[in-house]
Amino acid sequence: MSLPEIDLVVYPDECDAFGHLNQASFLSLFERARWEMLLRGPGMDVFTRGGSWPALRKTVIEYRAAAFPGDVLRFQQALTHHGRTSFTMRQTARRVQDDTLIASAEFVFVCIDRQGRPVPVPPAFGEYMHAHPETTGNVQRLMVHGVNLAVEVLGEGPPVLFVHGYPLNRTMWRAQLEGLTGFRRIAPDLRGMGQSDAPDLGYGMNIYAADLAALLDALGIEEVILCGLSMGGYIIFELLRTWRSRLRGLVLMDTRAEADTPEARRARDSAASLARERGAAAIAEAMLPKLLAPDTLANQPDVVEHVRSMIAGTPVAGIVGALAAMRDRAGSESLLSSLADVPTMVMVGESDALTPPEQARTLVEAIPGARLEIIPGAGHLPPLEQPEEVTRRLREFLSALS
Ligand code: MLT
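None of these values were measured; they are calculated from a predicted model. (Residues numbered from 1 in each chain as written. Predicted model: local features only at pLDDT ≥ 70, side-chain atom pairs only at ≥ 80, totals over all residues. Heavy atoms only, no water.)

Colleague: Explain the overall build of the protein to me, please; I cannot follow it from the model alone.
Modeller: Along the protein, the regular secondary structure elements total 13 helices and 14 strands. Its C-alpha atoms give the protein principal-axis dimensions of about 65 × 45 × 35 Å. Put simply, the protein has 402 residues, and 53% of those count as buried. Here the contacts in the protein between residues at least 6 apart in sequence split such that 73% fall between residues at least 24 apart. Only carbon and sulfur atoms are counted for the fraction: they give 51% of the accessible area of the protein, which is about 17400 Å². Here the protein carries 39 positive and 49 negative side-chain charges, and the mean point of each set is 4 Å from the other. (Helix = DSSP H or I, 4+ residues; strand = E, 2+ residues; numbered from the N terminus. Buried < 20%, exposed > 50% of the residue type's maximum accessible area, 1.4 Å probe, protein only. Contact = heavy atoms within 4.5 Å. Areas by Shrake-Rupley, 256 points an atom, 1.4 Å probe, with all protein chains shown as cover. Lys, Arg positive; Asp, Glu negative; His and termini not counted. Charge placed at Lys NZ, Arg CZ, Asp CG, Glu CD.)

Shown next, in the form of structure tokens:
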């Protein structure tokens, strides 16, 4: 259950000479929405009755659209971090009439006493907020490693972390998330993609890997089976450098261990220029023919549309960041021989033009005991192009581990 939504009306005295809601009023509406929420929960005095006060330490607001007098704004709020003395709230304001996102904001608070010393967050506040985590269906938003990630978590059983490719999002695993009952399926949107935050700077394989390690910690997961496709595989290799002991099994799909060649590095820079100049839609048009098998392009329009919309919806900052991260990644060949004790499955689409089956064979030869699964009728994205077959083979592999 989410926290109560708060509707507030924009008044003329909150607007500038041209009628737009002004910046100071934005801040006070966000604040009013927070107090209203407390009024409907543990009470507005939840801090003061224990002798503390939530002091605002940091605010990040993204203004998306103008609001005008008479507009009713709906505020949704969630706790994205709860530390001992500090907490972070995420709030969004949408116009009720047309559901336009007007602004989203993040507020970091530290609880202080009268002398300004940090004191613990009042338990009644924490309990209320934790009883209402920010979830939509199975999707949670978690503040980890300085970034707000959207993550889908389903089911009970041995945990499996699904790491998507570039420039896609967690919905590429839809069929596997639905089908692999009996496992705890965890599928985040990487930073810069899907519904996760897309900072302008701060991308790298080590950063994505640290995000995922922090995410697993936040979910209380000790040991995990990792399943990554393409760039998801590159990230997993990075994660293995520091995090090997928690690995129970490994699935590498349509990926490679080698670093980029000089030619591939130049192509990353050209793609980044294209994204900056012509946006994500141009990246989608350029990539679609390479990502999907000819058969998929001709006969599965829903899959083509799904991939197009994932790419076209990726923020340019996330695309440019991922391209730089892939361009600069180190080769991971030397890690492979050390995976002898990790049950490993390498999977590849029979018609993958980006990481063809020969590349998968190279991986299988280098990882002692690894098995190879080639998926007929699939290109670079077998989980979407042949969802049932991929889910079936994954289930067979995963069931043998548990
Ligand atoms: C991916 O699917 O993640 C990308 O194709 C990886 C790459 O471009 O190297």
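Next comes the rest of the write-up.
Colleague: Whenever I open this one, the packing of aromatic side chains confuses me. Can you help?
Modeller: We describe a pair of aromatic rings using the distance from one ring centre to the other and the angle between the two ring planes. Enumeration according to the criterion identifies 11 aromatic pairs in this entry. Measuring from ring centre to ring centre gives 5.3 Å for Phe-30 and Phe-75, while their planes differ by 85°; the resulting arrangement is edge-to-face. Of this pair, Phe-30 sits in helix 1 (residues 23-39) while Phe-75 is found in strand 3 (residues 72-82), placing the two residues 45 residues apart along the sequence. Neither residue differs from the other here; Phe-30 and Phe-75 are each classed as buried. Grouped by ring-pair contacts, the aromatic residues Phe-30, Phe-47, Phe-75, Phe-87, Phe-107, Phe-109 and Phe-125 constitute a single cluster. Sitting above the plane of the Phe-107 ring, Arg-34 keeps its charged end 4.3 Å from the centroid. Seen from the ring of Tyr-234, Arg-329 lies directly overhead, with NZ or CZ sitting 3.7 Å from the centre. (Phe/Tyr/Trp six-rings, centres within 6.5 Å; stacked < 30°, edge-to-face > 60°. Lys NZ or Arg CZ within 6 Å of the ring centre and 35° of its normal.)

Colleague: Explain the packing of helix 4 (residues 205-218) against helix 5 (residues 231-243) to me, please; I cannot follow it from the model alone.
Modeller: When two helices pack together, their arrangement is given by the angle between the helix axes and by the axis-to-axis distance. For the pair helix 4 and helix 5, interaxial distance at closest approach is 8 Å and the crossing angle is 70°. Judged on the interaxial angle alone, helix 5 and helix 4 are roughly perpendicular. Here helix 4 contributes Met-205, Asn-206, Tyr-208, Ala-209, Leu-212, Ala-213 and Leu-216 to the contact with helix 5, which in turn contributes Met-231, Tyr-234, Ile-235, Glu-238, Leu-239 and Trp-243. (Axes fitted to C-alpha atoms, helices over the stretch in contact; angles between N-to-C directions. Parallel < 35°, antiparallel > 145°, perpendicular 65-115°, else oblique.)

Colleague: I'm lost on the environment of Arg-327 in this one. Help?
Modeller: With respect to the helices, strands and loops of the structure, Arg-327 is situated in helix 9 (residues 316-327). Put simply, Arg-327 and Asp-211 are 116 residues apart on the chain and 19 Å apart in space, counted from C-alpha to C-alpha. Leave out the neighbours within four places in its chain, and Arg-327 touches Asp-260, Arg-265, Arg-268 and Asp-269.

Colleague: Hey, could you run me through the site of the ligand in this one?
Modeller: If you check the shell around the ligand, you find Gly-165, Tyr-166, Ser-230, Met-231, Tyr-234, Arg-256, Arg-268, Met-326, Leu-354 and His-380 and nothing else. Ser-230 has a polar side-chain atom sitting 2.9 Å from an oxygen atom of the ligand. Within the backbone of Met-231, one N or O atom sits 2.8 Å away from an oxygen atom of the ligand. (Near = heavy atom within 4 Å. Polar contact = N/O pair within 3.5 Å; in protein donor to acceptor, adjacent residues only side chain to side chain.)

Colleague: Would you take a moment to explain the environment of Leu-154 for this structure?
Modeller: Looking at where Leu-154 falls in the secondary structure, it is placed in strand 8 (residues 147-154). A sequence separation of 29 residues divides Leu-154 from Phe-183, and the C-alpha atoms of the two residues are 8.1 Å apart.

Colleague: Even after reading the chapter, I still don't get the side chain of Glu-106, so can you show me in this structure?
Modeller: Secondary-structure assignment places Glu-106 in strand 5 (residues 101-112). Beyond its immediate sequence surroundings of up to four residues, Glu-106 is in contact with Lys-58, Thr-59, Val-60, Thr-80, Thr-88, Met-89, Arg-90, Met-143 and Asn-148.

Colleague: Please clarify how unusual backbone geometry should be interpreted in this entry.
Modeller: With the exception of glycine, the majority of residues adopt a negative phi angle, and the majority of peptide bonds are in the trans configuration. Note the cis peptide between Tyr-166 and Pro-167, where omega equals -15°. Take Pro-167: it is sitting in the loop between strand 9 (159-163) and helix 3 (174-179). The backbone of Ser-230 sits at a positive phi, close to 55°, despite the residue not being glycine. With respect to the helices and strands, Ser-230 occurs in the loop between strand 11 (224-229) and helix 5. Residue Ser-230 is classed as buried on the basis of its relative accessible area of 10%. Here the phi dihedral of Asp-254 falls at roughly 45°; this positive angle occurs in a residue that is not glycine. With respect to the helices, strands and loops of the structure, Asp-254 is situated in the loop between strand 12 (247-253) and helix 6 (262-291). What makes Asp-254 buried here is its relative accessible area of 1%.

Colleague: Would you take a moment to explain the nonpolar core for this structure?
Modeller: Grouped burial of nonpolar side chains is what soluble globular proteins tend to show. Of all hydrophobic cores here, the largest spans 94 residues; its most connected members are Tyr-166, Tyr-208, Met-231 and Val-307. Take this core: its biggest share by element is nine residues, from helix 6. The residues contacting Met-231, other than those within four sequence positions of it, are His-164, Gly-165, Tyr-166, Leu-190, Met-193, Met-205, Tyr-208, Ala-322 and Met-326. Core analysis: the next-biggest nonpolar cluster, separate from the first, contains 33 residues, Ile-6, Cys-15, Val-46 and Ala-67 among them. (Core = buried A, V, L, I, M, F, W, Y, C linked by side-chain atoms within 4.5 Å.)

Colleague: Help me out: how do you make sense of the sheet that holds strand 2 (residues 53-63) in this one?
Modeller: Either a parallel or an antiparallel arrangement is found when strands of a sheet pair, and the pairing is made through backbone hydrogen bonds. Here five strands make up an open sheet; going across it, the order is 1-3-4-5-2 and the pairing antiparallel. At either margin of the open sheet sits one strand with a lone partner, and together these are strand 1 (6-9) and strand 2. Mean inter-strand twist for the sheet, computed between neighbouring axes without regard to direction, equals 25°. Relative to strand 5, strand 4 (residues 86-95) runs antiparallel, the two sharing nine bridges. Residue pairing across strands places Met-89 opposite Phe-107, the latter belonging to strand 5. Contacts from helix 1 reach strand 1, strand 2, strand 3, strand 4 and strand 5, with the element oriented near 65° to strand 5. (Pairing = 2+ DSSP bridges.)

Structural measurements only, silent on function.
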